[in-house]
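Residues per chain are reported as follows:
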Amino acid sequence: MSKFIQLHVLTSYPASNLNRDDLGSPKRVVMGNTTRLRVSSQCLKRAWRTSDIFQNLGSEHMGVRTKEMGRHIFTALTKGCTLQDVLAGKAASGHAMLEEKEAVAIARTIAGVFGKNKSAYDPKKDVDTDDSRRKLLESLEIEQLAHFSQEEIAAISAQVEACRQNRKAPEEKQVNLLRTNIKAVDIAMFGRMLAAEKDYNMDAAVQVAHAMTVHAVTVADDFFTAVDDLNRDDSGAGHMGVSEFGAGVFYLYLCIDRDLLQQNLQDDAELTNRALTALLQAVAQVSPTGKQNSFGSHAYASYILAERGNEQPRNLSVAYLTGVNSKDDVLQDAITRLTDTRAHMNKAYGQKTECAELNILTGSGSLKDLAAFMVG
Amino acid sequence: MAQYLTFQLYGPLQAYGTVAVGAIRPTATMPTRSAVIGLLAAALGIRRDEEARLAELHKAYGMAVREHSPGKVLLDYHTIQAPGTRGKRQLFCRRDELLLTEPNTILSRREYLMDALFTVCLWQRSDSAPHTLQQLAQALKTPHWTLWLGRKSCPPALPLAPQVGEHATPQAALAAYLVYEPVSATLRHSDPYRIHMDADELLESDGLPDAEGLPDLPADLGDLDDLADLGDLADAAGGMEMHRDMPLHHGRRQFAKRPVRVLLVSRVADSAHHAEMPADAEVSYVDK
């Protein structure tokens, strides 16, 4: 199996300011003696890992966002039906029914992994007992909305059945597994360094380069004024400002160490494949959030070249060392240069890699095919 | 004549961390010893916590680095969102930390080198080196882990293209290595160019930190606080610098100072004489 999977991605962003420096201008870099726009690696990763795609991990079924998982667990335990039945609104199906007290303890423990529990309901301290049922159920909720993927719901359901058998709440370690198995994918990919807690350190399995435009870019200034609607006397503006922006075709590069990713995911091959699919989707479809309200520059990748092999990975940015300077079709020129550079480089250095591509200009390839190639 | 391993280092961004205290994370202008040995370790599959094997690598190979294109320094403004108060909740992923807590933002300024190109030359200091130069070259061609140029976000943009050959001196080995022309031709060259070379052959009597001596800072190296302490050695060698890039302990990030010989070589002299000329003839030393 191939060890390294490399992704070369071309994404065209219209006027935007995706990643700013301390003065608010778009980040830049000099490559081949000319200035390019840059989106830092950390900016890209943040956008990907906080996206809904990562939450659902490439699953075709969307998860749910709720505060109420605790009360559903409680209902499942006290009414003798499975969690899935409760969530689907079905009637009881003949499992063992637990005492309310036992069910509360189990529901609070499991829900507490996903968010902060609301304070426990104590009927003895409640003077107005009319509404005690509603209050009890509400106390089983968590404070904020939490996202539950389908896999997590299945894992919680299995945990609920185990607790029904034992009639007691699970150990902390067991419930923590509900999340760590599923959710540590972003850390498995992008790593973690905590000087204080060495056990939680993990070397990133995915290397992400700073994205740069394939051509020279001059950052433009937008001088703007805002009108004071109620001002009738003064002819001046209510506010004046300058905002900087730029546009361009960006080259993004990622290198995935597939073995390390699987190792970081406790050797779960299936989860590794889902993680790869989710990463590809996020890379192709998720834009950094910077100034999106001002520029609405959400863009999907126009071209993706995926390579897999065991030889030393290399970024293909040298294709753009001399900036693309095309009057007609910057994107087409960028694609041609990328594929040519790959061929020349492989020839010069005697490397061989298998590849697959997605090309929006010709309509060839799809994310699904690319994902299948990556999973290999 | 001796055997030398040479390879090229190019990426649009590179970063070779030096002493970094607090928010500013500077880069050296040439690859550091710790970066090059780290690259070898990644290629060989030596983990960060294998202190003994890493120390062995450091001890076994001498190093010289040649600058083709010095590049420019980029100062990147970087914000980090550290998780805020999380109460008793355990947060399992970065997404939760970012979205469910009020983050405390930490500012960091990170330096990178842009448009820089270097070649590296390594040689065995003794016959008992853990890997032959050929084995190192093979590891760089099919590395165990991904390689990067100082920071993970700085992937190499050319194969390292390692070569092993017989040469008279490290300078001659570096001069004989042909970097990838299409890239080299596009970048600004430095003339004269710098070579940073391990000065350990000059300091043999003083001894370098040995593997068993970890992690204490050897007194003889630690005392070399400035160039004046090098005394006669500095006079004999011309340009000498002290670089704090000799790892003593990776886990604790302790580094010892390393005496480095700095040579300035004129490109004209270099191309006129070609590879195998006695290197000293074409070398002018830095004024110190």
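As the structure is a computational prediction, the values presented were derived from the model and not from experiment. (Residues numbered from 1 in each chain as written. Chains lettered and ligands numbered in written order. Predicted model: local features only at pLDDT ≥ 70, side-chain atom pairs only at ≥ 80, totals over all residues. Heavy atoms only, no water.)

(A) Spatial organisation of the overall build of chain A. Secondary structure summary: chain A contains 14 helices and eleven strands in total. The globule rule puts the C-alpha radius of gyration for 376 residues at 21 Å, and the 26 Å found for chain A is more than 25% above it. For chain A, the spread of C-alpha atoms along the principal axes amounts to about 75 × 75 × 45 Å. Looking at chain A as a whole, 52% of its 376 residues qualify as buried. Considering only contacts in chain A between residues 6 or more positions apart, those separated by 24 or more positions represent 72%. (Helix = DSSP H or I, 4+ residues; strand = E, 2+ residues; numbered from the N terminus. Rg over C-alpha atoms; globule rule 2.2 N^0.38 Å. Buried < 20%, exposed > 50% of the residue type's maximum accessible area, 1.4 Å probe, protein only. Contact = heavy atoms within 4.5 Å.)

(B) View of the overall build of chain B. Each helix and strand in chain B was counted, giving nine helices and ten strands. Across the 288 residues that make up chain B, the buried fraction comes to 52%. Across chain B, the fraction of contacts at a sequence separation of at least 24, relative to all contacts at a separation of at least 6, is 76%. Summed over all atoms, the accessible surface of chain B reaches about 12,400 Å², with 52% contributed by carbon and sulfur. (Areas by Shrake-Rupley, 256 points an atom, 1.4 Å probe, with all protein chains shown as cover.)

(C) Examining the interface of chain A and chain B more closely. The partner chain B presents 49 residues to the 63 residues of chain A that form the contact. Both faces considered, chain A and chain B share a buried interface measuring about 4,700 Å² in area, 54% of it formed by carbon and sulfur atoms. There are four salt bridges connecting chain A and chain B. For Asp76 of chain B, the salt bridge identified is with Lys27 of chain A, shortest N-O distance 3.0 Å. The tally of links between chain A and chain B comes to 21 residue pairs in polar contact (both at pLDDT 80 or more). The residue inventory of the side of chain A that touches chain B, partitioned by class, reads 23 nonpolar, 20 polar and 20 charged. (Buried area = accessible area lost by both parts, 1.4 Å probe. Salt bridge = Lys/Arg side-chain N within 4 Å of Asp/Glu carboxyl O. Polar contact = N/O pair within 3.5 Å; in protein donor to acceptor, adjacent residues only side chain to side chain. Nonpolar A, V, L, I, M, F, W, Y, C, P; charged D, E, K, R; others polar.)

(D) View of the packing of aromatic side chains. Residues and elements named next belong to chain B. This model, assessed by the stated rule, comprises eight aromatic pairs over all chains. Relative to Phe118, the ring of Tyr16 lies with its centre 6.3 Å away and its plane at 80°, an arrangement referred to as edge-to-face. Note that Tyr16 is positioned in the loop between β1 (2–14) and β2 (24–25) and Phe118 in strand β5 (residues 104–124), a separation of 102 residues in sequence. In this pair, the class of Tyr16 matches that of Phe118, namely buried. The residue whose ring lies beneath Arg66 is Tyr193, and the NZ or CZ to ring-centre distance is 3.7 Å. The side chain of Arg151 reaches across the aromatic face of Tyr112, ending 4.6 Å from its centre. (Phe/Tyr/Trp six-rings, centres within 6.5 Å; stacked < 30°, edge-to-face > 60°. Lys NZ or Arg CZ within 6 Å of the ring centre and 35° of its normal.)

(E) Seen up close, helix α14 (residues 367–375) of chain A. All names here are of chain A. Within α14 the residues assigned to the buried category are Leu370, Ala371, Phe373 and Met374. All buried residues of α14 lie within an arc of 160° about the axis, which places them on one face of the element. Turned more than 90 degrees off the buried face of α14, the exposed positions are Lys368 and Asp369. Along its buried surface, α14 packs onto β1 (4–16), β9 (239–257), α10 (258–264), α11 (269–285), β10 (301–309) and β11 (354–359). Phi turns positive one or two residues past the end of α14, at Gly376, with a value near 55°. (Arc of directions from axis to C-beta.)

(F) View of the domain arrangement of chain A. Examined at the domain level, chain A breaks down into domain 1 (4–60 + 204–375) and domain 2 (64–183). Each of domain 1 of chain A and domain 2 of chain A has a C-alpha centre, and these two points are 41 Å apart. (Domains from an automatic or database assignment.)

(G) Representation of the pairing of β10 of chain A within the structure. Residues and elements named next belong to chain A. Within β10, nine of the nine residues are buried, which leaves it mostly tucked inside the rest of the structure. Of the pairings in the sheet, the one linking β1 to β10 comprises eight bridges and is antiparallel in character. Within β10, the position partnered with Phe4 by the bridge is Gly309. Across six bridges, the pairing between β10 and β11 is antiparallel. By the bridge assignment for β11, Leu305 is matched with Glu357. (Pairing = 2+ DSSP bridges.)

(H) Quick peek at the environment of His167 of chain B. Within the secondary structure, His167 of chain B is located in strand β6 (residues 163–167). Remark: the alpha-carbon pair of His167 of chain B and Ala2 of chain B, spanning 165 residues in sequence, is separated by 5.7 Å.

(I) Layout of the packing of α11 of chain A against α14 of chain A. Residue and element names in this part refer to chain A. Viewed as axis vectors pointing N to C, α11 and α14 meet at an angle of 140°, and their least axial separation amounts to 9 Å. By the angle class used here, α11 and α14 are oblique. Between α11 and α14 lies a crossing of right-handed hand. Contacts between α11 and α14 pair Asn273, Leu276, Thr277, Leu280, Gln281, Ala284 and Gln285 from the former with Leu367, Leu370, Ala371, Met374 and Val375 from the latter. Of the residues belonging to the contact of α11 with α14, the class tally is eight nonpolar, four polar and no charged. (Axes fitted to C-alpha atoms, helices over the stretch in contact; angles between N-to-C directions. Parallel < 35°, antiparallel > 145°, perpendicular 65-115°, else oblique. Left-handed = near helix turned anticlockwise from the far one by under 90°.)

(J) The arrangement of the pattern of salt bridges in detail. What the rule picks out here adds up to 27 salt bridges over all chains. Two residues, Arg38 of chain A and Asp76 of chain B, come together in a salt bridge whose shortest N-O distance is 2.8 Å. You can see Arg38 of chain A sitting in strand β3 (residues 34–39) and its partner Asp76 of chain B sitting in strand β4 (residues 72–82), one on each of two chains. With relative accessibility at 3%, the residue Arg38 of chain A sits in the buried group. Note that Arg164 of chain A is salt-bridged to Glu161 of chain A, the shortest N-O span being 3.0 Å. With Arg164 of chain A and Glu161 of chain A both in helix α7 (residues 150–166) and three residues apart, the pair spans about one turn of that helix. The buried category is assigned to Arg164 of chain A, whose relative accessible area is 4%. Taking the relative accessible area as the measure of exposure, Glu161 of chain A reaches 21% and is therefore partly exposed. Connected via shared salt-bridge partners are Arg33, Arg125, Asp198, Asp245 and Arg258 of chain B.

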